[in-house]
Amino acid sequence: MNKTNIKIAKTWFFPPYLVVISLIGSFAFENFIYSTMLTQGGIIQFCVGLIIITISITLFYYTFIIFKSNAENPHPRSKTTQLFVGGSFRFSRNPIYLAFVMMLLGCGICFNSIWYIFFGILDAILLHYGIILPEEKYLEKEFDKVYLDYKNSVRRWI
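Residues numbered from 1 in each chain as written. Predicted model: local features only at pLDDT ≥ 70, side-chain atom pairs only at ≥ 80, totals over all residues. Heavy atoms only, no water.

Draft legend 1. Quick peek at the pattern of salt bridges. Applying the stated criterion across every chain yields a total of six salt bridges. Between Lys79 and Glu142 there is a salt bridge, and its shortest N-O distance comes to 2.7 Å. You can see Lys79 sitting in the loop between helix 2 (43-69) and helix 3 (95-110) and its partner Glu142 sitting in helix 4 (residues 114-153), a full 63 residues away along the chain. Classification of Lys79 by relative accessible area gives partly exposed; the value is 36%. Assessed through its relative accessible area of 27%, Glu142 is described here as partly exposed. Here Asp149 makes a salt bridge to Lys145, at a shortest N to O gap of 3.1 Å. (Salt bridge = Lys/Arg side-chain N within 4 Å of Asp/Glu carboxyl O. Helix = DSSP H or I, 4+ residues; strand = E, 2+ residues; numbered from the N terminus. Buried < 20%, exposed > 50% of the residue type's maximum accessible area, 1.4 Å probe, protein only.)

Structure, rendered in structure tokens:
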């Protein structure tokens, strides 16, 4: 098949790069540029953040396994041959992106840093406009009514 005929989502970037850059950027801003730690966080705050981080890693891994066990590539610019509506996709249309944002928010709570929260919000905005909306447009064309029904029954994030 000619590559020019393959339909894919016209996304802006590769999402894992965004979360890695945001984690490194948050760490760098917090430790080398401007610390936002006004007070030392307590053990409860640390544990709550750690729980959110653990949930985000579990959600990512579980969703990634759904893709791999169905011989589907999770890359947003890959050809999609099937629509997942079970597993983590019952609760969110974008569980991997949700996991990325949760990771940053969990780090912000765990490490008592506004930078992780800031980058988490920024990532949510960039993922929404740069990845999710183009993917949804592509999926609507690819799966038509099946995707529209799914879209109407499951929230975009949570």
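Draft legend 2. How the structure looks around the side chain of Thr80. One can find Thr80 in the loop between helix 2 and helix 3. Among residues more than four places away in sequence, those in contact with Thr80 are Glu72, Tyr138, Leu139, Glu142 and Phe143. (Contact = heavy atoms within 4.5 Å.)

Draft legend 3. Focus on helix 4. Taking 1.5 Å of rise per residue, the 40 residues of helix 4 would be expected to cover 58 Å, yet its terminal C-alpha atoms sit only 34 Å apart, more than 12% below that figure. Phe143 marks where helix 4 bends most, by close to 125°. In this structure Ser113 caps helix 4, since a side-chain oxygen of it lies 3.2 Å from the backbone nitrogen of Trp115. (Expected span 1.5 Å × (residues − 1). Bend = angle between axes of the 7 residues up to and from the residue. Polar contact = N/O pair within 3.5 Å; in protein donor to acceptor, adjacent residues only side chain to side chain.)

Draft legend 4. Inspection of the packing of aromatic side chains at higher detail. Considering all chains together, one arrives at 14 aromatic pairs under this definition. Where Phe29 meets Phe119, the ring centres are 5.9 Å apart and the plane angle is 55°; that geometry is what we call tilted. One end of the pair, Phe29, is in helix 1 (residues 15-33); the other, Phe119, is in helix 4, and 90 residues separate them in sequence. Exposure remark for Phe29: the relative accessible area of 29% places this residue in the partly exposed category. Residue Phe119 is classed as buried on the basis of its relative accessible area of 12%. A network of ring pairs unites the aromatic residues Phe29, Trp115, Phe118 and Phe119 as a single cluster. (Phe/Tyr/Trp six-rings, centres within 6.5 Å; stacked < 30°, edge-to-face > 60°.)

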